[in-house]
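# Structural characterization, general
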Amino acid sequence: MGPHPAVAAIRLAVRRVLHDILNDHHSLAGAGARQAVGARPDRTAERLPSPLVLVACSGGADSMALASALAFEAPKLGVRAGGVTVDHGLQPGSDLRADEVVLRLRELGLAPVESVAVTVGREGGPEAAARDARYAALDAVAERHGAAAVLLGHTRDDQAETVLLGLARGSGIRSLSGMAAVSGAAGRYRRPFLELDRQTARKACMVQSLPVWDDPHNADPAYTRSRLRHEGLPALEKALGKGVVEALARTAQLSRDDADALDTWASQAEVSVRDAAGRLECAKLYALPPAVRRRILRRAAIEAGAPAGSLFARHIEEVDRLITGWRGQGAINLPGKVVARRQGGRLVIRQG
């Protein structure tokens, strides 16, 4: 008799991601071998150690289910598996909680395992600040151990919430695309559970008798995502019927495909709208579709020093009016002390 359907589902999701990581690892090994003078690719690949994959675990149901699946699947594929938990220091006893998570991960057979304490700032609000601190810590741990990837336990429910948050902000299609299955530098972050619901992960923990911790912040109405999870989505399902989460997750994937295509178009078009000195020509920008033109403007602003996280759609719309609604208006001030102005038919975006 096979494992419970919930356990089988999480293991399959992790197995697929591990196969992808192994394929990437072997491709890099082969490329390195071809660059080495006189090296034989097959023997070079054999000399490389097996890749290390870490799971980011808070002790909650989603990440504990992920950790258990990684511990089960990794040895069968010759992958080293470890874990890391981040202590945000936002609740009394958080250090003790982190120690408990480390113990649970080691009991699953994961190694190396460690806890990292971070200091959460205030920029962007409490949720964004905690997220920034967490990813910075995960990046540092991954680099220190030479990990090929870090697995994250985001589920289809998390994806639906992310899409709704982007919609509420009035963000563009990239925000509506939610979380990518693969993200970060060199595809470091992998999200195996984006097609699984939160209940499946919780059920998998229950049937395996895995202890889980329910973060009180996830039920605190002071946090926007918590209100959305416990009030917003249930209200939508009551009004529109079941299937809202699945539909939002599907919207995320469709939006991501469209956003990727537009980003590629913008990259190719940018060369054609610059003069010999590399300055943006307003007349050529005007001829582009708005979605492509605004991507070029956003990229130019970021290259000039505007922080991507502080650069909103309204900023780009103001810069865009220097091209589409030119009436001699003055310069536009952007985050990061970046200024955009129109001069002699050219758009100049620079600091100061």
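Fair warning: this is a prediction, and the values are worked out from it, not measured in the lab. Residue numbers restart at each chain and count upward from 1, following the sequence in its written direction. Reporting in this predicted model follows two pLDDT cut-offs: at least 70 for local features of residues, and 80 or more for side-chain atom pairs to be given and counted; totals over whole chains, interfaces and linings ignore these cut-offs and use all residues. Calculated side-chain values reflect all of the structure's heavy atoms, with hydrogen atoms and water omitted.

### Here we look at the environment of E73
Filter applied, for reference: Helix and strand definitions follow DSSP, with helices as H or I runs of at least four residues and strands as E runs of at least two, each counted in order from the N terminus. Contact definition: two residues touch when any of their heavy atoms are within 4.5 Å.
Structurally, E73 is set in helix α3 (residues 61–77). With 195 residues separating them along the chain, E73 and Q268 place their C-alpha atoms 41 Å apart. Discounting residues that sit within four places of it in the chain, E73 has contacts with R11, V14, R15 and L18.

### Comments concerning the sheet that holds strand β8 (residues 332–334)
For the record, the criterion: Pairing between two strands is assigned when DSSP locates at least 2 bridges connecting them. Here an axis means a line fitted to C-alpha atoms, over the contact stretch when the element is a helix, while the angle between two N-to-C directions is reported on a 0 to 180 degree scale.
The strand order across the open sheet formed by 4 strands is β7-β10-β9-β8, and the pairing between neighbours is antiparallel. Two strands close off the open sheet at either side, each with one partner strand: β7 (280–281) and β8. Pairing analysis gives 3 bridges linking β8 to strand β9 (residues 338–343), with the strands arranged antiparallel. Paired with L334 across the bridge in β9 is V338. This element, helix α12 (residues 290–303), spans β7, β8, β9 and β10 (346–351) of the sheet and lies at about 35° to β10.

### So, unusual backbone geometry
Quick note on the threshold: Remark: exposure states derive from per-residue accessible area (1.4 Å probe, protein chains only) relative to the maximum for the residue type, with buried under 20%, exposed over 50%, and partly exposed in between.
The omega torsion of the bond from A111 to P112 falls at 5°, within 30 degrees of zero and hence cis. Despite not being glycine, A186 has its phi angle at roughly 55°, a positive value. When you line up the elements, A186 lands in the loop between β5 (182–183) and β6 (189–190). A186 gets classed as exposed once you look at its relative accessible area, which sits at 82%. One non-glycine residue, S209, lies in positive phi territory at about 55°. For S209, the position within the fold is in the loop between α8 (198–207) and α9 (224–240).

### Let's talk about the packing of aromatic side chains
We apply this condition: Paired rings are identified among Phe, Tyr and Trp, the last through its six-membered ring, by centres lying within 6.5 Å, and are further divided according to the angle between planes into stacked (under 30 degrees), edge-to-face (over 60) and tilted (the rest). Cation placement over rings: the criterion is NZ of Lys or CZ of Arg within 6 Å of the ring centroid and within 35° of the ring normal.
Scanning the model with the defined rule gives 1 aromatic pair in all. It is R11 that lies over the ring of F72; its NZ or CZ is 3.5 Å from the centre.

### Let's talk about the sheet that holds strand β1 (residues 52–56)
Spatially, the 6 strands line up as an open sheet ordered β3-β2-β1-β4-β6-β5, and their pairing is mixed. Where the open sheet ends on each side, the last strands, each with one partner, are β3 (113–117) and β5. Strand direction decides the pairing type here: strand β4 (residues 149–151) and β6, joined by 2 bridges, are parallel. For V150, the partnering residue across the bridge sits in β6 and is Y189. Helix-sheet contacts for α3 involve β1, β2 (80–87) and β4, and the interaxial angle to β1 is about 160°.

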